[in-house]
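# Remarks on the overall topology
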Amino acid sequence: MTYQTELIILLLLLLFRVGPNALLQSSPDVFEWNYPACWETSNLKAAAFVQPHHPNSSSNYDKMIVVGDIHGNWNGLMEVLAHAGLIDTGSKLQCAWREKNGESVLLIQTGDVVDRGRFATECFQCLQHLQATAEMFGHRVIRLLGNHELLWLGAQYDYRNPDTDSLDKINKLTMSVVDDILRKQLLGSFYTEQFGGIPMLFTHAGLRKDMKSNILSRAIQGATTTTMTSDGKVVSEFVNDVLYRDILECYNSRGYSANYKDKIRCGIFLTDVIYSVGKERRGSSIGGVMWTDYHILEQEANDNVTLWDFVQIVGHTLEKGKIRTTSKLKSTCVDAGMLVGGRAYLSVSAQGRFHSFEKQPAQQQQAAVFPTTTTNRWRKRDLTSLMCV
């Protein structure tokens, strides 16, 4: 018997004796979930074991707050930020950070700030201000591009508020969108592993299986390194690179004018499939990360169509007053219909615990399921428990 054969037999015996999870725990360089036992057999756990990577599992922040679609609803934005403890409550809510209380926060807004509501510009500028001043308070703000900002970039204003969104006002705000993308203050995607070591991918609408395959194949073709990393990180970097490239091309062309009275027409540059509309939204393409309905993610989660090594957190698909999750918590949707009165947000602790905070009419509160705490019409649900469902 050769030395190599003996070594292989020894490793196999060790594997069957202690199990794959013990091997995972023994190596500090391999991804490990800090979650209930039921998670051990989930697709995400399996994906992490088959394709390990190296997360930074210690968070720089005490918690993460994720806010979904706003659509120009100033009062809704202020109420959610106040309940989350990010701005001061009072007789007149203002868009300014609370004084330091020793807690640092990563605030993520998933896009669709504009259209429909009366205060698109004010809400957009509020998030800009919070982002610009966050570091002074120990916080950070991530802002994502939604499909409605994408429509404005293409000079499509069908959903604008006719009372407040004049063409001049729209173009001035769209100039800010262009500038913020080029300053990398407004992103197409965001990826982090800082909260409990859980890899999380944030996009406006979601990443479906076919789009993931499309992006990964193109990313691999253009890669200059073979360093092992999470698929979620590859997708996020690719989406942001394509968005930056296309908006820069628009900026350097006649599509962008420094005069806010001129229409900004970046649509001819936004032709990549990542911006495409899926058939479920009467499109003819795959369905990009700004145009995918959440029911696609729900169906893929239920069908176990593929192994994912990250959790998705998205907005875009409305359900009033509710944060939704797919089976095994593979994805979470935070569009709670702020414009139509829904108030909700997602909170993730530094240890990776998921909680939703939802404000609903009193008659709906009584029908709440899963672990719930109700205070002043808000309910708190422990979404981490859904991992075992």
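Conventions used here
Residues numbered from 1 in each chain as written. Predicted model: local features only at pLDDT ≥ 70, side-chain atom pairs only at ≥ 80, totals over all residues. Heavy atoms only, no water. Disulfide = S-S within 2.5 Å. Helix = DSSP H or I, 4+ residues; strand = E, 2+ residues; numbered from the N terminus. Salt bridge = Lys/Arg side-chain N within 4 Å of Asp/Glu carboxyl O. Buried < 20%, exposed > 50% of the residue type's maximum accessible area, 1.4 Å probe, protein only. 1 Å grid on protein atoms, 1.4 Å probe; cavity = no way out; pocket = protein on both sides within 12 Å on 5 of 7 lines; lining within 4 Å. Points joined across faces, edges and corners; volume = space filled by probe spheres on them. Nonpolar A, V, L, I, M, F, W, Y, C, P; charged D, E, K, R; others polar. Arc of directions from axis to C-beta. Contact = heavy atoms within 4.5 Å. Core = buried A, V, L, I, M, F, W, Y, C linked by side-chain atoms within 4.5 Å.

### Some points on the state of the cysteines
Here the structure, examined in full by the defined rule, presents two disulfides. The residue that forms a disulfide with C95 is C126, at a sulfur-sulfur distance of 2.0 Å. Looking along the S-S bond of the C95-C126 disulfide, the torsion reads about 85°, which is the right-handed sense. Here C95, found in the loop between helix 4 (74-83) and strand 2 (105-109), pairs with C126, found in helix 5 (residues 120-133); they are 31 residues apart in sequence, far enough to count as distant.

### Comments concerning the pattern of salt bridges
Going through the model one piece at a time under the given rule, you end up with 18 salt bridges. A salt bridge links K169 to E122; the nearest nitrogen and oxygen atoms lie 4.0 Å apart. Separated by 47 residues along the polypeptide, K169 in helix 7 (residues 167-182) and E122 in helix 5 bring together distant segments of the chain. By relative accessible area, which is 27% here, K169 ends up partly exposed. On the basis of relative accessible area, E122 is assigned to the partly exposed category, the value being 29%.

### Some details on empty space enclosed by the protein
In this approach the atoms are scanned with a rolling probe the size of a water molecule, which exposes any empty space left behind. For the structure on display, the rule yields three cavities of 30 Å³ or more. Estimates place the volume of the largest cavity at around 90 Å³. Considering the residues around the largest cavity, the lining is formed by L297, E300, A301, W308, F310, Q312, T326, K330 and S331. The element contributing the most residues to the lining of the largest cavity is helix 10 (residues 294-303), with three residues. In terms of residue class, the lining of the largest cavity is made up of four nonpolar, three polar and two charged.

### Here's the deal with helix 10
Taken as a whole, helix 10 has its buried residues at Y294, I296, L297, E300 and A301. Looking straight down helix 10, one finds its buried side chains confined to an arc of 155°; they lie on one side. On the buried face of helix 10, the contacting elements are helix 8 (209-221), strand 7 (311-314), strand 8 (324-325) and strand 9 (331-333). Phi turns positive one or two residues past the end of helix 10, at N304, with a value near 50°.

### So, the nonpolar core
Judged by nonpolar contacts, the single largest core of 71 residues is most densely connected at L107, L145, L153 and L207. Looking at this core, the elements with two or more residues in it are strand 1 (63-67), helix 4, strand 2, helix 5, helix 6 (147-153), helix 7, helix 8 and helix 9 (231-251). When residues no more than four places from it in sequence are discounted, the contact partners of L145 are G111, L150, L153, V177, I181, L186, L187, H204, L243 and M290. Counting residues in hydrophobic clusters, the runner-up holds 25 residues, among them Y61, I108, F202 and V334.

### Things to note about unusual backbone geometry
Of note in the backbone geometry, D112 takes a positive phi value of approximately 60° without being a glycine. Tracing the chain through its elements places D112 in the loop between strand 2 and helix 5. Positive phi values are uncommon outside glycine, yet K184 reaches one of about 60°. One can find K184 in the loop between helix 7 and strand 4 (186-187).

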